[in-house]
Amino acid sequence: MVERKLLVLFGSQTGTAQDTAKRIGREAKRRHFQCRVEALDSYDVANLINELLVVFVCATTGQGDPPDNMKMFWRFLFRKNLPPSSLCQLDYAVLGLGDSSYPKFNFVAKKLHKRVLQLGGNPLLPAALGDDQHDLGPDAVVDPWLLALWDKILALYPLPPGLEIISPDVRLPPKYTLHYLAEDSLHPDGGLLQPTAPRAVASELHPFAAQLVSNQRVTAESHFQDVRLIEFDITGSGITFSAGDVVMIQPQNCPEDVQQFCQLLRLDPDRRFVLKPTEPGISLPALLPQPCTIRHLVTHYLDISCVPRRSFFELLSYFSTNELEREKLQEFSSAQGQEELYSYCNRPRRTTLEALWDFPHTTCAVPPEYLLDLIPRIRPRAFSIASSVLAHPDRIQILMAVVRYKTRLSKPRRGLCSTWLASLNPEQGDVRVPLWVKKGGMKFPTDPDTPVIMIGPGTGVAPFRAAIQERVAQGCRGNCLFFGCRQKSKDFYCQAEWEELVTKGFLTLFTAFSRDQEEKVYVQHRIQENRRLVWELLSSRNAHVYLAG
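Keep in mind that what you see is a predicted model, and the values were worked out from it rather than measured. Per-chain numbering applies: the sequence of each chain, read as written, is numbered from 1 onward. Thresholds applied to this predicted model are a pLDDT of at least 70 for local features of residues and 80 or more for the giving and counting of side-chain atom pairs; totals over whole chains, interfaces and linings are not thresholded and use all residues. Heavy atoms throughout the structure, all of them, feed into the side-chain values; hydrogens and water do not.

Trainee: What exactly am I supposed to notice about the pattern of salt bridges here?
Mentor: Any two side chains of opposite charge can pair if their charged atoms end up close together. Whenever Lys or Arg places a side-chain nitrogen within 4 Å of a carboxyl oxygen from Asp or Glu, that contact is recorded as a salt bridge. Across all of its chains, the model carries 25 salt bridges by this definition. A salt bridge links Arg-310 to Asp-139, with the nearest nitrogen and oxygen atoms 2.8 Å apart. Placement of Arg-310 in helix H7 (residues 310-317) and of Asp-139 in helix H4 (residues 139-156) is noted, with a sequence separation of 171 residues between them. Across the pair, Asp-139 and Arg-310 agree in class, each one buried. Notably, a salt bridge pairs Asp-245 with Lys-439, separated by 2.8 Å at the nearest N-O pair. Of the two residues, Asp-245 is situated in the loop between strand S9 (227-233) and strand S10 (246-249) and Lys-439 in the loop between strand S17 (432-438) and strand S18 (452-455); the sequence distance between them amounts to 194 residues. By relative accessible area, Asp-245 is classed as buried at 3%. Here Lys-439 falls in the exposed class, since its relative accessible area comes to 57%. Through salt bridges with shared partners, a single network forms among Arg-23, Glu-27, Asp-139, Asp-143 and Arg-310. Secondary structure elements follow DSSP: runs of H or I of four or more residues count as helices, runs of E of two or more count as strands, with numbering from the N terminus. In this scheme, a residue with accessible area under 20% of its type's maximum is buried, one over 50% is exposed, and one in between is partly exposed, where area comes from a 1.4 Å probe on protein chains only.

In structure tokens, the structure reads:
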């Protein structure tokens with residue numbers, strides 16, 4: 001009897017590919033496969049030659065780039081010295097998630113499919129190319145493709161005698177079981193995020209608890225948008241970075257939302273628990289302490305403010321004791337109900353917490369051990385670093401717009417990370433923020449004589465502030481900045497700093513204040529007006545051009 005094992009590997013940037021990979025994992029369980037679902041970069045790629053059956057689920061980001069959690073895999077797969085028969089025993093399928101409004105639509109999936117084929121793999125199906133632009137989203141392609149895939153897989157690996165496919169009406173077991181500890185071992189949440197001596201370089205699994213030392217509004221009080229210049233102290237972290245790099249910040253939910261969530265689900269925030277995997281070979285969530293309080297889980301881990309996905313409603317429907325609620329939840333998790341789900345969730349940007357409010361009978365029946373299957377973890381947010389170590393040693397600064405906007409829902413929508421950071425006040429004691437640094441996509445010239453033209457309207461100026469500080473400290477004078485905002489008196493970030501550098505001869509500055517006169521003026525108008533200078537820098541001085549939005 002051949003072992004019925006399936007490996008699902010995903011490369012995901014925003015979580016959609018991960019969600020789809022988990023869905024394939026659930027469908028595999030219903031068909032009695034032993035199934036592992038892993039991020040491509042946490043899988044040991046050298047083992048690929050031993051695998052018999054793999055489904056790859058991958059998104060494409062930016063201009064046809066692989067997501068961050070598959071970059072190492074990508075580099076390995078395209079090594080020139082891999083023999084063309086490396087993967088000759090592999091049956092595989094590739095599911096791509098992309099957006100056809102970009103020129104390199106599903107580039108990563110197409111290229112991956114072709115490369116595995118070159119290495120001797122046997123494709124079960126042509127690659128699926130899910131498209132965000134479709135009325136029903138990627139599911140329009142994914143749903144029928146998966147049906148075809150299971151037909152192919154079950155032909156190769158039939159169900160063992162006497163076993164049936166587990167009906168969709170039956171709820172699968174949770175990934176972890178949750179065991180409450182005795183009441184007498186109660187401890188408050190102290191000591192969970194204490195600045196620790198760094199074990200290694202700060203990373204997603206070991207963020208550095210940086211002290212927030214200043215949080216200053218840089219737009220006029222009368223301006224509609226609240227933008228902050230925030231500074232963190234990273235002394236002792238071992239973090240190094242240069243201009244163009246990105247700081248990753250792990251946000252948390254606000255206490256009011258946490259309290260509401262616990263009330264809705266009838267959870268005691270101070271109860272402590274430990275998790276145990278329900279299947280061998282499954283690791284515990286890396287970022288959760290063991291034991292852990294419910295409050296810590298909901299504050300730091302469960303993304304209760306994200307817009308819920310189709311899989312959320314599907315799992316929720318299993319807990320429903322109320323006929324009306326169950327019917328609605330089943331509609332939202334069906335292929336036909338996707339239009340309806342889009343206008344309920346995505347268009348108004350309804351949060352998971354708000355969706356739970358709308359299904360009160362179901363919500364209070366959710367068993368706590370299913371919380372980690374139901375709600376994804378809070379993802380870190382990326383910010384361009386807006387300062388240079390050469391100007392501000394042991395510090396990281398960011399320029400951050402506080403996200404707040406209206407939809408048809410009565411309550412304004414708020415960005416999780418920016419709202420949390422904006423609320424922190426360094427004068428109220430020792431305020432800590434978990435962060436780490438990642439290489440950015442911008443590299444500034446090493447030759448001090450190469451001029452740079454930077455176009456950074458609004459908060460897009462952040463990485464250029466880092467670059468200008470770095471270059472000025474190194475004595476480079478060829479710095480040309482095009483900056484744009486609405487009004488000189490309201491949102492001209494870092495005005496005094498730029499003007500001082502202009503006076504000292506380190507910076508050529510062109511500004512466009514779109515609302516300060518009748519006709520709107522933007523950075524592109526200023527570039528056009530100064531086309532001779534721009535062309536001179538490009539043609540005879542080999543200038544590099546950078547653009548950030």
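Next comes the rest of the account.
Trainee: So what exactly am I meant to see when it comes to the nonpolar core here?
Mentor: Here is a general trend for soluble globular proteins: nonpolar side chains tend to be buried in one another's company. To form a nonpolar core, buried Ala, Val, Leu, Ile, Met, Phe, Trp, Tyr and Cys residues must be joined to one another through side-chain atoms within 4.5 Å. With 39 residues, the main nonpolar core has Phe-261, Leu-297, Leu-302, Phe-313 and Leu-371 as its most contacted residues. Any two residues having at least one pair of non-hydrogen atoms within 4.5 Å are treated as being in contact. Phe-261 has contacts with Leu-267, Val-298, Leu-302, Ile-304, Leu-353, Leu-356, Leu-371 and Ile-375, leaving out every residue within four places of it along the chain.

Trainee: Honestly, helix H14 (residues 462-473) in this entry has me stumped. Any pointers?
Mentor: Expected helix span is given by 1.5 Å per residue-to-residue step, counting one fewer step than there are residues. Over its 12 residues, H14 runs 17 Å from end to end, which matches the ideal 16 Å to within 8%, given 1.5 Å per residue. Counting buried positions over the 12 residues of H14 gives 11, a clear majority of the element. By the burial criterion, the buried members of H14 are Ala-462, Pro-463, Phe-464, Arg-465, Ala-466, Ala-467, Ile-468, Gln-469, Glu-470, Arg-471 and Val-472. Gly-475 sits one or two positions beyond H14 and adopts a positive phi of about 80°.

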